[in-house]
Structure formats: C-alpha cells, structure tokens
Amino acid sequence: MFGRRRKKRDEETERAGREQSGPKERHGAAGAVSFDNEVEPERPSGQPVKDEDRYRPTGPWDSTEDAPDIKRMDLGSMLLPMEQGTEIQVNVAQDGQGKQKIIGVTLVRGKTALQVQPFAAPKSSGLWDEMREELRTQVTGQGGRVEDHDGTFGPELQAVIPIKGKKTEDGRQLGQRVRFIGVDGPRWVLRGVIRGEGATKPEMMSEVERIFAGIVVVRGDQPVPPNELLPITVPKQIQEQMAAAAKQRAAQQAAQRGNAGSSPNGSGPDTGGATPV
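Summary of the structure given here. Remember, it's a predicted structure, so these values are computed and weren't measured experimentally. (Residues numbered from 1 in each chain as written. Predicted model: local features only at pLDDT ≥ 70, side-chain atom pairs only at ≥ 80, totals over all residues. Heavy atoms only, no water.)

1. Quick word on the side chain of T112
Heads up, the condition is: Each helix is a run of DSSP H or I of at least 4 residues and each strand a run of E of at least 2, with the numbering of both proceeding from the N terminus. Here a polar contact is recorded for every N or O atom pair within 3.5 Å, except that within protein the pair must consist of a potential hydrogen donor and a potential acceptor, and residues adjacent in sequence are included only if both atoms are side-chain atoms.
Mapping T112 onto the fold places it in strand β8 (residues 112–120). There is a polar contact of 3.0 Å between the side chain of T112 and the backbone nitrogen of G198.

See below:
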C-alpha cells in the first residue's frame, strides 16, 4: 500500500516536471512542430526578413519569390510588366565623363507616367524612409508643397512641384501634382514617381499601383553600395523598338502642336494639367 502511494507520488512529480519544462517539439520534414497550439514557422536562413517587407504582400517582387506569371520585359535589375496600351521608355542622362547612362525607366499609360528606379539597400534595414526625407527637402527647396500619405505600399509623398515658367494670370506659380511611392525589399528599394492622372484620379491611381506591384527586382549577388542605382540593361532589339516608338511619338506630337498649339506641359506626353503651388 505504501509502495503504491510512493509510486503515485513519483509519477505526479515526474508529470509536474514535464509541464514546467514546457511543451516538447517534434521535428520532421515541415520543421518544428509545437504541441502547445503555438506554431512558430521557420524562416529561411538566406536573406533576413525586414519589417518593411510587410508593405509588399502582393508585390513588387524579389526575383527569389513566386511572382505572378505574366509577360515581363527583362531589363537586368528589373522585370517590367508588358501590357497592351503601356509604353516603356528608357530614361538616360550624361555622367561625369559625358557618356549616356540609363537612370530609370518610365511606363506611360494614357495620361499617366510612372518612372521606376531600383536601388541597392542594406541587408537588415530599408532605405525608403531616408529617401522620402531627401525628396521632401528637394521639393520644398524648389518652392513646392509636400504632404505625407499612407498608401497601398505604405508611407508615400504627394507633392506639387513648380513648373518653370508657368504662372496663373494673377502671377501665382503653377505646379504639377506628383506622387512619390517606394517599397523596401531584400537588399533593394524600388522607387516610383507618378505624374498625370495616376497622381490625381482614384481609378488611375489603382491602375498604376497594379503595374508597380507587378515589377520584379533582380538584386543579384554582386556587391553594390547602398543608395546606388542597380544596373539597368536594355537588349539591342528592344532599344531599336523603343527608338522607333519614340520617333513615331515625336512625329505625332509635332502634328498635334501644328494643329492645336503647344502642350501646356511642354514636350513629352500630356500627363495632366497644372495646379497652383
């Protein structure tokens, strides 16, 4: 009788010890499994997950992720969605040595223009917060206005940028409405500048955001300092197609100027009217 009581006390002591030590875990093909109804998924050991990644659950995508299968143009560090009615233009500028350098790509759809630029970023932190402050300083330094907004991809800037030489009849400076959007990814940040109807009309805002979300960024393994533009490359065949499209567009704009005068926004696609700054 006393032996049975002692055995029972020993069993109770052993059971209490198991409860205090916490739930045991079983490891299998799916990783760690908890029997305490709290499953902690195992994260890949490759690229760290940044807090900013929560702003892109449906894109833009990293090349290592399962992006939706749509037709895209390969431009090296970016794969851009190719859709009917969307024109892709390469933006170039001269570097310090006088050579032409690609500094971004603009997607034009109707009266909306979206310029995109991929930059290198640190592994453990994003750069979009820092970029927004730099953009704010640039715009206000030019006499423009800037407001913070919470957008589809997190914090964004909505601004009115002065148009040089454009004023109202009473002398007020005219400006163009612009949206600055951006999203941090694994070792990269993708920045977008939206002009035209995509910066003012809700239905076009969602349309241009859908295009932005369809972009895939190819960061690569090459070391690139943070804040430096990732290399954008354009195949020769695509360069020839773009040159032909640009020539056709210039001819159409020349014809329009001849028939109805110059565009209120100067050269380039008509992406919307001006507003007082």
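2. A closer look at the environment of L75
We count it as follows: It only takes one pair of heavy atoms within 4.5 Å for two residues to be counted as in contact.
Along the chain, the position of L75 falls in the loop between β4 (72–74) and β5 (78–81). Sequence separation between L75 and V218 is 143 residues; the distance between their C-alpha atoms is 9.3 Å. For L75, the residues in contact, after removing those within four places along its chain, are L80, V105, P231, I232, T233, V234 and P235.

3. Comments concerning the packing of aromatic side chains
Aromatic ring pairs are defined here through the distance separating the ring centres and the angle between the ring planes. Where we set the bar: Ring geometry is summarised as follows: Phe, Tyr and Trp rings, the Trp one being its six-membered ring, pair when their centres sit within 6.5 Å, and such pairs are stacked at plane angles under 30 degrees, edge-to-face over 60 and tilted between the two. When a residue's accessible area, from a 1.4 Å probe over protein chains only, is under 20% of the maximum for its type it is buried; when over 50% it is exposed; and in between it is partly exposed.
Counted according to the given criterion, the structure contains one aromatic pair. Taken together, a centroid distance of 5.0 Å and an interplanar angle of 70° make the contact between F153 and F212 edge-to-face. Of this pair, F153 sits in the loop between β9 (145–151) and β10 (154–167) while F212 sits in helix α3 (residues 202–213), and the two are 59 residues apart along the sequence. Each member of the pair, F153 as well as F212, is classed as buried.

4. Here we look at the sheet that holds β4
The condition that has to hold: Should DSSP find at least two bridges between two strands, the strands are taken to pair.
Taken in spatial order, the four strands of this open sheet run β3-β13-β5-β4, and their pairing is mixed. Of all strands in the sheet, those with a lone pairing partner are β3 (61–62) and β4, marking the two edges. One ladder, built from two bridges, connects β5 with strand β13 (residues 216–217); its direction is antiparallel. Opposite L79, over in β13, you have V216 as the bridge partner.

5. Focus: the pattern of salt bridges
For clarity, the cut-off: A side-chain nitrogen of Lys or Arg and a carboxyl oxygen of Asp or Glu constitute a salt bridge if their distance falls within 4 Å.
Enumeration according to the criterion identifies 11 salt bridges in this entry. The salt bridge partner of E207 is R109, with a shortest N-O separation of 3.2 Å. A residue pair is termed long-range when its members are at least 10 positions apart, and E207 in helix α3 and R109 in strand β7 (residues 100–109) qualify at 98 residues. By relative accessible area, which is 22% here, R109 ends up partly exposed. For D148, the salt bridge identified is with R136, shortest N-O distance 2.9 Å. Of this pair, D148 sits in strand β9 while R136 is found in helix α2 (residues 128–141), placing the two residues 12 residues apart along the sequence. Through salt bridges that share partners, E83, R109, E207 and R210 make up one connected network.

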